[in-house]
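Here are the chains, one letter per residue:
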Amino acid sequence: MLCSLLFVDSMSVSISTRRANMENRNCPAMKKRRLELIGPQGLNFLSLPEDIMSRITAEITLKEAVRMSAVCSNLRRAWIYHPNLDFDISIVPASGIATVHEHSSKHKRNQHSDQHNRMMGIKRFIDTVNLILGEHSGLAVNRLAVKFKLHKEHANAIDGWVSFAIASKAKVVALDFSPYLGPYENNYSFPCHLFHKQNSSHLQVLRLYSVTLDSSQDFCGFSNLTTLALDHVLILQGLQFLLLKCPSLEWLSIQLCPQLHDLHADEPLERLKFLCVQYCAINRIELHAPNLTSFEYRGGSKVHFALNKCLKLKTASIKFNVEENLEYVFTEIPNGLPYVEALHVELTVKT
């Protein structure tokens, strides 16, 4: 039973005993539950059509929906239509949570034991996600989000989850492996090769944390992507090819991406409205974004800004370190942002 894999009951009564009690109509708990399900107006929740029940489950978390399915057999299948599939450490069986956390003194006594326990915790997480996705209907999926300590060693499993998101036409995909902040060479590589023109049009929001992104020139892109967030991402071959193949992009955030030295595009980004670049080893930002209205930059050194064609850019916030010469602040920045009306600059002067 799925719920027994996800949750460990702390009650002393066995699962089989509780199930027998629930099937007994004279059980006080069952009487109370029937009253709650029927409600004060006589509405029998159990008689609602499946699509209505699915809408109701959409208002609660996936974990709560699965727990609700354990209450009554009539609701057992409702969760398989849940639109928001959010997976993090909370879905790991209670007996496996301690194996994932590294703060328990018990597991710090032996390094080999710690490693084994962490591997078992990761395996439990992957198995649980695979089980849930395997049982899910794959219909009306809005979001697939994973936040856990994973990297390239687990690529086969993660590729399968991304394939599920593609097949289910998910609008939002978020892969957050930021709890793992090891060397970039151990990053999971986002599978651009799984996307093609026929299956990539449903994706509207893509958030990647602690992965590698290699969007080559022949990458199909995302025709309806409006939001792209990259955090601690190893970007190979730059972003130009990807940006030009995301014609609907409106919101772009790039943080802690050390291999990104040049942010530019040869063609206009017609719909881009918000741009944020923080703590990247970037030297130049040159974009033609006629509808860009807000720009934020945070970094350790000065950058050549060339946003001269961003006619609607009215607000900009810049924070960085500069040398003794402040000409860059008073001359170069304004020249690169000629249409900005409200410019906020915060700097640390090296003397």
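Keep in mind that this is a model prediction, so the values were computed, not measured.

Criteria and cut-off values
Residues numbered from 1 in each chain as written. Predicted model: local features only at pLDDT ≥ 70, side-chain atom pairs only at ≥ 80, totals over all residues. Heavy atoms only, no water. Pairing = 2+ DSSP bridges. Helix = DSSP H or I, 4+ residues; strand = E, 2+ residues; numbered from the N terminus. Axes fitted to C-alpha atoms, helices over the stretch in contact; angles between N-to-C directions. Patch = residues over 30% accessible without salt bridge, like charges linked within 9 Å, V, L, I, M, F, W, Y side chains within 5 Å. Areas by Shrake-Rupley, 256 points an atom, 1.4 Å probe, with all protein chains shown as cover. Salt bridge = Lys/Arg side-chain N within 4 Å of Asp/Glu carboxyl O. Buried < 20%, exposed > 50% of the residue type's maximum accessible area, 1.4 Å probe, protein only. Contact = heavy atoms within 4.5 Å. Arc of directions from axis to C-beta.

A.B. asks: Is there a simple way to think about the sheet that holds strand S13 (residues 294-298) in this case?
C.D. replies: If you walk across this open sheet you meet the 10 strands as S1-S2-S3-S5-S7-S9-S11-S13-S15-S16, and the pairing is parallel. The sheet is open, and its two edges are formed by strand S1 (84-87) and strand S16 (342-349), each paired on a single side. Between one strand and the next, the sheet's axes are offset by a mean angle of 5°, whatever the strand orientation. Pairing analysis gives four bridges linking S1 to strand S2 (residues 143-147), with the strands arranged parallel. By the bridge assignment for S2, Phe-87 is matched with Val-146.

A.B. asks: Sorry, what's going on with a nonpolar patch on the surface here?
C.D. replies: The grouping of Leu-326, Phe-330 and Val-349 at the surface amounts to a nonpolar patch, some 280 Å² of accessible area in total. If you trace the backbone, Leu-326 turns up in the loop between strand S15 (315-322) and helix H11 (327-336). For Leu-326, a relative accessible area of 33% translates into the label partly exposed.

A.B. asks: Where do I start with the environment of Gln-204 in this structure?
C.D. replies: If you trace the backbone, Gln-204 turns up in the loop between strand S4 (188-189) and strand S5 (205-209). Leaving out residues up to four positions away in the same chain, Gln-204 has contacts with Lys-171, Asn-224, Leu-225, Thr-226 and Thr-227.

A.B. asks: What should I look at first to understand the sheet that holds strand S10 (residues 262-264) in this one?
C.D. replies: Pairing between the strands of a sheet is mediated by backbone hydrogen bonds and can be parallel or antiparallel. Here three strands make up an open sheet; going across it, the order is S10-S12-S14 and the pairing parallel. Here the strands that pair on one side only, and so sit at the sheet edges, are S10 and strand S14 (304-306). Across this sheet, the average inter-strand angle for adjacent strands is 5°, counted without regard to direction. Where S10 meets strand S12 (residues 284-286), three bridges bridge the pair, whose relative direction is parallel. Opposite Leu-263, over in S12, you have Ile-285 as the bridge partner.

A.B. asks: Which parts of the structure should I look at to understand unusual backbone geometry?
C.D. replies: A negative phi holds for most residues other than glycine; trans holds for most peptide bonds. Even without being a glycine, Gln-237 presents a positive backbone phi close to 65°. Mapped onto the elements, Gln-237 comes out in the loop between strand S8 (234-236) and helix H10 (240-244). Positive phi, close to 55°, is recorded for Tyr-279, a residue that is not glycine. Its location among the elements puts Tyr-279 in the loop between strand S11 (274-278) and S12. What makes Tyr-279 partly exposed here is its relative accessible area of 44%.

A.B. asks: It is not clear to me how the pattern of salt bridges should be interpreted in this structure. Could you clarify?
C.D. replies: A side chain with one charge can pair with a side chain of the opposite charge if their charged atoms come near. Evaluation of the coordinates by the stated rule reveals six salt bridges. The salt bridge partner of Glu-346 is Lys-319, with a shortest N-O separation of 3.7 Å. On the criterion of sequence distance, the pair formed by Glu-346 in strand S16 and Lys-319 in strand S15 is long-range, its members being 27 residues apart. Taking relative accessible area as the criterion, Glu-346 reaches 39% and is therefore assigned partly exposed. Residue Lys-319 is classed as partly exposed on the basis of its relative accessible area of 33%.

A.B. asks: Looking at this model, I keep getting lost on the environment of Asn-84. Mind explaining?
C.D. replies: Mapped onto the elements of the fold, Asn-84 is located in strand S1. Residue classification places Asn-84 among the buried positions, given a relative accessible area of 15%. Linking Asn-84 and Asn-142, residues 58 residues apart in sequence, is a C-alpha distance of 5.6 Å. Apart from residues lying up to four places away in sequence, Asn-84 is in contact with Ala-58, Leu-62, Asn-142 and Arg-143.

A.B. asks: Sorry, what's going on with H11 here?
C.D. replies: Residues three or four positions apart in an α-helix share a direction because the helix packs 3.6 residues into each turn. Taken together, the buried positions of H11 are Tyr-328, Val-329, Ile-333 and Gly-336. Relative to the axis of H11, the buried residues are bounded by an arc of 85° and lie together on one face. Away from its buried face by more than 90 degrees, H11 exposes Phe-330 and Asn-335. Where H11 is buried, its residues touch S14, S15 and S16.

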